[in-house]
Every structure is written in structure tokens, then in C-alpha cells.
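Each chain is listed here by its residues.
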Amino acid sequence: MALRAASPEATKLDFSQAVIVAAKDAAPLEQKAANVLREEIQKRTGLELKVTSQWPVEGEAVIALGTAARVQDFAGPFAPDLQSAPPASPEGFRLVVKSVPRPAAVIDAADARGLLYGAGRLLRKMELRPQSILVPADWQIATAPHAGLRGHQLGYRPKVNAYDAWSPEQFDQYIRELALFGVNSIEILPPRTDDQRTSPHMKLPPLEMMTRLSEIIDSYGLDVWVWYPNMGKDYTSEAGVRAELAERDDVFGRLKRVDHVLVPGGDPGNLHPNVFFPWMEKMAAVLQKHHPAAKIWVSPQAFDPTQDWLDSFYRYVNQKPSWLGGVAFAPWIATPLPEMRKIVDPSIPIRNYPDITHNLDCQYPVPNWDLAFALTLHRECYNPRPVAMKTIHNLFIDYTCGSLCYSEGINDDVNKFVWSDQDWDPSTPVLETLRDYCRLFIGPDFTEEIADGFLALENNWVGPLAVNRQVDVTLNQWREIEALASPQTRSQYRFQMGLLRANYDAYVKRRLIHETELEAEADDTIRTEAAGGTFAAMAKAESILRRAETEPVAADLKEKCQILADSLFAKIGSQTTVKRHGAQNRTRGAFMDGIDEPLNNAAWLNAQFRRVRDLPDEPARVAAIDQILNRTNPGPGGFYDSLGEPGSEKRIVNSVPWKDDPGTLKSPRITFYYEIDRTDDREIPLAWKKQGDALYTNPLRLAYDHLDPQAAYSVRATYSGRTARRMRLKANDKYLLSDHIESRTPPVQEFPIPKEATAGGRLELEWSSGEGERSCEVAEVWLIKHPAGPQKP
């Protein structure tokens, strides 16, 4: 909750010569808050404020801070007013700024953590420039966190897109910055996870860094969490259990502090609950040997869960073993959070473990994302989604004890701070958080403009890219800020991340328009000239398509992206390419490797032309070219839908609005072809690279109206997804068309529809996956009309 008075932006108080007053002999964590305040001011201004326990002479500006228990020792003339209504809630604070009788800012906190958060709030509102400290005049805030758990995972492993290149000092600074926005927990990882053991970027061996991180987190008084997956192969035999326990005994024994350990049920590690929970009992004994108060949390994560698996998991949880701290709602959990809250005993807390780092193939994919962005930016890029983060957060906040977010690197930086601010106060406007973020981390001169710039980047992803004028507006806004900003502002890595995205999005849009036009020109050429000679027509069409490479567009935008990517690698180890920056692979943050990913069907067309050239005669070649040009044509009276294209969502009848189901556990989603590095997969139609997808046991339903009741129909569909292994297709929830459709075997399959199903002029098709399957994925659907009866496929 928060009680605020208006903060007049026009009136500023000068604190450039202020002193910091803290209680004498304050506890170490209280001293830490004062030191953080002083150090962060010094970094940005060059001013080193004096810290004292005595109020200065009249007239000098004062920043006083301490806990309510020591109010008489630090608050000076403010003490009587503060004593009358001390902060009552744990981690809460009150911040009062007065202009008379002298400029003063007083932070009165319930405890040491609250003092750090109060210092953070003051820093967020300060305008810090070289040799200058300005603070808005005459305002106050009394606030305490809404959620008890507020944190982020910082993994030191090769899979992440920056953290593996960080030093202990960089981690210390980042953890400090998160704490300034109210974070009270940081989750770290053991050396052995679903990843390689080391990275060439690492400054320290993984176990040594893990040890250092535990010390750093503890130095701020924050909780230390450990995400510890089950990566072994044997958790039942005496020898296997002994080996796993020995590893954990070594790891836990080295860490200064551990408060909680999260062990996923899967992703990675896939143990049946009958094995998982007895193993947790043994692991808990080792954990509590070194950290007696530590608890283990568990998550029912599983890629292919059966109902028996889920029932068994929740049955064990509700037995409430003594070592259990709670349950985590995480990616790839089939149970919706509201339902989980009903299943799990009310006395057992649920931690939200949201994926705020990925764009696709994830818990909360970007809704209706343009295929061009999916192919280029792909799974991990600089992805500020502030409005989406607030929407998702606030939808689920009342079911949990708070959040500790999943992250794979620095790419989701904006999302982290927005999410944490919502954990503190879900009513906080996104723009307020962005203003604080920009003012403190980038600089005070363009706070409003850069905050609006991050919102604009989120809007770049709304709607079809080719006609999204916001992309051009966003680029011009960021360019103008860059031209006016100081070198200090332009050098901030967070500014450069936003600027790179603005240039990248605009470059992809220019390429999309260019390459779409080239494909249309090539199609026109082959259509009009094939009758005069197929070889010459195909050669001309191929030459047109090659112009995407020989006559590239917007080279200046691409060059700007490359310059910024190199700078960000040098500053924070952000690995946006595999070869140049050493990213682990293309889908782990190396989005610069996708900047020239083809955005038309050139690869597929060229492959088809090679096949046509091998045909024995000209009539066969002309017929084959006609098939290429009419690949998506359903024929007279038919229908064709490429699921994922604008408008296709109208065909899906079991959709739930995104704001009510952002994780699509109740309705279908659009997913994208994932195996982008497979050479043979580059020669498929673009339409095969996106699918309508329904997770777990949810169906995908398409509806057709105004059908000819006298005609016969068949349904042809493309199954090009990567996870669907067994699907069932029914018509009108009555007629079974197939009970065993496998993705890619073959990719395109066609089935006749009983005339009874369409006799009423309406048809509903339903695809569903069986129990224990992850999803059903359908890329394209043709409903083909056969006036004289269906033809054989």
C-alpha cells in the first residue's frame, strides 16, 4: 500500500552540499543503506556527501535515515512527527521531503530492508548531474510492499546472454540496482544445470562465483534462493543417491547463506513424484545441515504431464512435509494458477516464477507477433514489454506470495524493474516506473522522452509489421534523443539497448517490404512468362529474388545496430552474435545473427525451381509451376487460412482474450517454427514457420459458416510444428477424421469430411492432443469444396 502527496515537478531543492545523517552505531545493514545512498550519488555527481550522526548547523541540507526504533538518534527536529506514526509493516518506509526550515529528506523505516528501499526511492526521484543534486520539493510517501516475495534469478552459466561474462563487481552493482526497486530475493544456480559447465567469458569458475554471489546477496540483507534442478540419472539406487547428495553437500557447505531452494519437477529433470518427493526428503537433510532454516520449494513443471503425474504431485505437496517451503507456478505447468491455488492447501504459499525473458516458445509469448520479428529477433532480444508485464503480473498477484522471475540475461532488464515495482505496489503506473528507471540509470535530462521511447518499442510489436507506422515514429524519436543527449547519456548501456532495438525494428520493416515486393515481382514474372519458356522464366525470377542480397536496403540501420551491439558486448558482455561475441547459440540472445534472416519465400521458391528443372518435358514443367503459384489456393468455394497471419484469429472459436489468458493455458496461441538452424528447414514455405497451437489437453477449434449443404468437403492441413507427436481431428465434435496425426509425417495431410457434417452449412473442426502430450500445432488449413464428391488425397 502507498499513501502519497503530489510531487511538484517545477520546484526542486538543491542537495548538492547536503550531509547524510544516520544513527550512531547503527546496525551493519542500516549502515549499508546509508553507504549505498552516498555511493550512488557519488557515481553520478562526483560529490561525496559526508555521513555523520549529528544534525548540522541550521540552513544546511540534510538527508537523514534510520529505523523507527532509532528515530531519536537520526531524525532531529522531525523525530516527534515520525514517532507519532511509525512504519508498521515489515520492509516499509516513510520518506518526507521538506523545503523549510531547511532542505531535508528523512527516511524512517520499519527495518533495515525498509531503509534500503527508502534510500532507493529517494535516489529514484533525484536528478543527479555532475556536481548537482536536485530533489522535488515538499512531498512524502508512506509505503510497504504488497508482495512478500520480490526477486529475480541471475544465472551464471553459458546459456545466459550476458551474465556469464560478468565479474563479481558487476553482479554486485546489478543486485544493488534491483534492491533499489524493492527486490528482497535473488536466485542463483549451481554449477551443474541443463547447460555446459563453463563459458569462455567466465571471470570465475561457476562454483566460486556462486559462493561470491551468496556473499554479495547477503551483504544487502536479501534472501538467497538456489534453483537446483535434478540433472542426475539415478535417484533411486544407494550409489546414485549418495553421489547426488555428495554434490549438494559440497555446494551448500560453501555458501554463506541459503534461505530457499527451488527444485523443478521438470524442465529440466523429469522424475515421477513417487521418486521426486522421497529424494527431496533426503536432499532437505543435507540442505538443513548447513542452513537449518532453509526450505525447499517444488514446481509441477513437466513438458508432457499425465493426469496421474499431476495428481500424484499435488497429493505429495498437500501432505505438507516439514521441509516444504511452498510451490512454484512456473513455465510449462499444465495447471492454470487459479486452479493450482484451489488444489494446493491454503496454508502452502505459491511463488510466481514467471518467464519475463522470452518472446516465443515460452510461458507468455508476444501476442500476434509478426513472423518477420519472430524470424529475426527470435526468442531472446532486448524486449521491453512494460505494459504487458503489468497486465500479466496483476492478473495473478492475488494467487501468490509474490514473484521471483525467470531470466536468461540482461535482455529483459526493463521487464525486471517493472515487475518488481508491481510486486511492491500493483497500482503503480508503468510510466512512473519507467521514469524512475530512466532518471536513475540513464540520466535525468531526457527522462520523459526515453521512458516514452521504451513504451514505443513495445508498440512496435503490435499489429502487422509492414503497415505499422509506429516503427518509423519510434526510430525518429530515439534518433532525436541520441542527437540531443550528452555523451554520458549516450554511453549508458540501457540507452544503447533501446536505441539498438529502434534501429533493428526499422531495418526489419524495410527489409520485409522490400523482400515482399521482390517475391511478388518474381511470382508475376513466372506467372506471365512461363508459357514462353519455363527455364528463362525461372532464371529471371531467381534473379529478381537475388536482389534481396545484391540490392540491400537501409544499410545504415544495419551498421548502426552492429556498432551498438559491439559497444554493448564491451560494456556488459551482451552476446548478440555467436561468432563475433561468443553467444552459445542463435536462440540464446544472439538476435543480431538473425538481422538478415530471409523474410520471403525465396528459399522455398528456389528449391521448387530446382525440382521443376528436373522434370522431363515442358508441359510437366508448366503444370508444376502452376502448382507452385497456386499452392495456397483452396479452389472455388473453398477456404484457406495461414494460422498466425492477421485475420486468422477470427477463424479460431475457442479463444480467450489475451488479457485474461496471457499464458494461453485456456485458449490457443500462435507459435513459431523453432529449429531455425536446420539447413533443410530453410527451404520450407514461410507459412510453415508459424502454427496455431493449443497446449496440453486444450483443443484448437476452427469454424466455417455459409457452406454449401449439397457439396462434399475435405480438409487439408500442414503440420510443421516441433512438439506435436499425436493429434486427433474431429468434425462437429462427432465425426472422427483421424486419431493419429503426427507432425511432419508427412507435413501436409488431407481427410474427407462426411457430408452429414456440413449439411447444415456450418462446420467446426477440432484438433486435440492426447494425454501426456505437450501440444497440437497446425500451420495451414484448406477447406476444399468438391461439388462432385471429394477426391482422393
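In short, a report on the structure. No experiment lies behind these values; they were computed from the predicted model shown.

### Quick notes on unusual backbone geometry
For step 1, the next point in the chain: Look at the link from Val100 to Pro101: it is a cis peptide, with omega at 5°.
For step 2, the next point in the chain: In this structure, Pro268 follows Asp267 across a cis peptide bond, with omega equal to -5°.
For step 3, the next point in the chain: Locating Pro268 in the fold gives a position in the loop between β14 (260–264) and α8 (273–290).
For step 4, the next point in the chain: Phi at Thr664 is positive, roughly 50°, even though this residue is not glycine.
For step 5, the next point in the chain: Tracing the chain through its elements places Thr664 in the loop between β19 (639–642) and β20 (669–672).

### Examining the side chain of Ser199
For step 1, the next point in the chain: Of note, Ser199 is situated in the loop between β12 (185–188) and α6 (206–219).
For step 2, the next point in the chain: Sequence-distant contacts of Ser199, defined by excluding residues within four places in its chain, comprise Pro158 and Asp164.

### Some remarks on the packing of helix α21 (residues 602–613) against helix α22 (residues 618–629)
For step 1, the next point in the chain: Between α21 and α22, the least distance of the axes is 10 Å, while the angle of their chain directions is 160°. By the angle between their directions, the pair α21 and α22 is classed as roughly antiparallel. Crossing angle aside, the handedness with which α21 passes α22 is right-handed. Of the residues in α22, those in contact with Trp604, Leu605, Gln608, Arg611, Val612 and Arg613 of α21 are Arg621, Ala624, Ile625 and Ile628.
For step 2, the next point in the chain: When grouped by side-chain class, the residues that make up the contact of α21 with α22 number 6 nonpolar, 1 polar and 3 charged.

### Digging into the side chain of Asn383
For step 1, the next point in the chain: Relative to the elements of secondary structure, Asn383 occurs in the loop between α11 (371–376) and α12 (386–396).
For step 2, the next point in the chain: One polar contact links the side chain of Asn383 to the main-chain carbonyl oxygen of Thr357, over a distance of 3.3 Å.
For step 3, the next point in the chain: Side-chain polar atoms of Asn383 contact the side chain of Asn359, separated by 3.2 Å.
For step 4, the next point in the chain: Once you skip the residues sitting within four places of it in the chain, Asn383 turns out to touch Ile356, Thr357, His358, Asn359, Asn411, Asp412, Asn415, Trp461 and Arg501.

### A look at the sheet that holds strand β22 (residues 700–704)
For step 1, the next point in the chain: Reading across the sheet, the 4 strands line up as β22-β27-β24-β25 and stay open at both edges, with antiparallel pairing between neighbours. The sheet is open, and its two edges are formed by β22 and β25 (735–741), each paired on a single side. Sheet twist, expressed as the average angle between the axes of neighbouring strands with direction ignored, equals 15°.
For step 2, the next point in the chain: Relative to β25, strand β24 (residues 727–731) runs antiparallel, the two sharing 4 bridges. Following the sheet pairing, Lys730 is matched in β25 by Leu736.

Parameters and conventions
Residues numbered from 1 in each chain as written. Predicted model: local features only at pLDDT ≥ 70, side-chain atom pairs only at ≥ 80, totals over all residues. Heavy atoms only, no water. Helix = DSSP H or I, 4+ residues; strand = E, 2+ residues; numbered from the N terminus. Contact = heavy atoms within 4.5 Å. Axes fitted to C-alpha atoms, helices over the stretch in contact; angles between N-to-C directions. Parallel < 35°, antiparallel > 145°, perpendicular 65-115°, else oblique. Left-handed = near helix turned anticlockwise from the far one by under 90°. Nonpolar A, V, L, I, M, F, W, Y, C, P; charged D, E, K, R; others polar. Polar contact = N/O pair within 3.5 Å; in protein donor to acceptor, adjacent residues only side chain to side chain. Pairing = 2+ DSSP bridges.

Just geometry here; none of it tells us what the structure is for.
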